[in-house]
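# Secondary and tertiary structure notes
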Amino acid sequence: YLALLASCLLSTRWVVKRGRAYDDHLAVSYALMLRFSLVGFMVPAAFLGRAYFDYFFTIVALIAVLKYILRLEWQQLESADEETEERIHEISEVHG
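Residues numbered from 1 in each chain as written. Predicted model: local features only at pLDDT ≥ 70, side-chain atom pairs only at ≥ 80, totals over all residues. Heavy atoms only, no water.

All right, on to the packing of helix α1 (residues 2-21) against helix α2 (residues 25-45) then. Orientation of α1 relative to α2, taken along the N-to-C sense of each, is 160 degrees, at an axis distance of 8 Å. Taken as axis vectors, α1 and α2 run roughly antiparallel relative to one another. For the crossing formed where α1 meets α2, the hand is left-handed. For the pair α1 and α2, the contacting residues are Leu5, Cys8, Leu9, Thr12, Arg13, Val15, Val16, Gly19 and Arg20 in the first and Ala27, Val28, Ala31, Leu32, Arg35, Leu38, Val39 and Met42 in the second. Its residues placed into classes, the contact of α1 with α2 shows twelve nonpolar, two polar and three charged. (Axes fitted to C-alpha atoms, helices over the stretch in contact; angles between N-to-C directions. Helix = DSSP H or I, 4+ residues; strand = E, 2+ residues; numbered from the N terminus. Parallel < 35°, antiparallel > 145°, perpendicular 65-115°, else oblique. Left-handed = near helix turned anticlockwise from the far one by under 90°. Contact = heavy atoms within 4.5 Å. Nonpolar A, V, L, I, M, F, W, Y, C, P; charged D, E, K, R; others polar.)

Here is the structure:
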């Protein structure tokens, strides 16, 4: 469980870092929300019963899905930027 917790915290850190690089405020907000939800759950989790045990895995799944979706979205942005740069380069060569 500690490795899974560390992985989730590192994933949210990665999303925040990349989200700021891409100026994606929504991604940063979601990552911070999930990080604080995870920490907020883990603090009292030692005192909660098994009824709340599934909540941890819900947050873990949300973090994994967020990271997956954002990775795909940012790859599309990068490929679109590369295509735009190639077109600009081709146009500049044609017009010399």
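After that view of the structure, there is still more to cover.
In this section: a nonpolar patch on the surface. A cluster of nonpolar side chains, Val65, Tyr68, Ile69 and Leu72, forms an exposed patch at the surface whose accessible area comes to about 390 Å². On the basis of relative accessible area, Val65 is assigned to the partly exposed category, the value being 46%. (Patch = residues over 30% accessible without salt bridge, like charges linked within 9 Å, V, L, I, M, F, W, Y side chains within 5 Å. Areas by Shrake-Rupley, 256 points an atom, 1.4 Å probe, with all protein chains shown as cover. Salt bridge = Lys/Arg side-chain N within 4 Å of Asp/Glu carboxyl O. Buried < 20%, exposed > 50% of the residue type's maximum accessible area, 1.4 Å probe, protein only.)

It is worth spelling out the side chain of Thr12 at this point. Structurally, the position occupied by Thr12 is in helix α1. Among the residues examined, Thr12 registers a relative accessible area of 2% and is labelled buried. Separated by 2.9 Å, the side chain of Thr12 and the backbone oxygen of Leu9 make a polar contact. In contact with Thr12, other than residues within four places in its own chain, are Ala31, Arg35 and Ile63. (Polar contact = N/O pair within 3.5 Å; in protein donor to acceptor, adjacent residues only side chain to side chain.)

With that settled, consider α1. When the terminal C-alpha atoms of α1 are compared, their 29 Å separation across 20 residues agrees well with the 28 Å that a helix rising 1.5 Å per residue should span. Listed in full, the buried residues belonging to α1 are Leu5, Cys8, Ser11, Thr12, Val15, Val16 and Gly19. In an axial view of α1, the angular spread of the buried residues amounts to 135 degrees, which keeps them on one side of the axis. In α1, the exposed residues that point more than 90 degrees away from the buried face are Leu2, Ala3, Leu10, Arg13, Lys17 and Ala21. Two residues or fewer after α1 comes Asp23, characterised by a positive phi angle close to 60 degrees. (Expected span 1.5 Å × (residues − 1). Arc of directions from axis to C-beta.)

In short, geometric facts, not functional conclusions.
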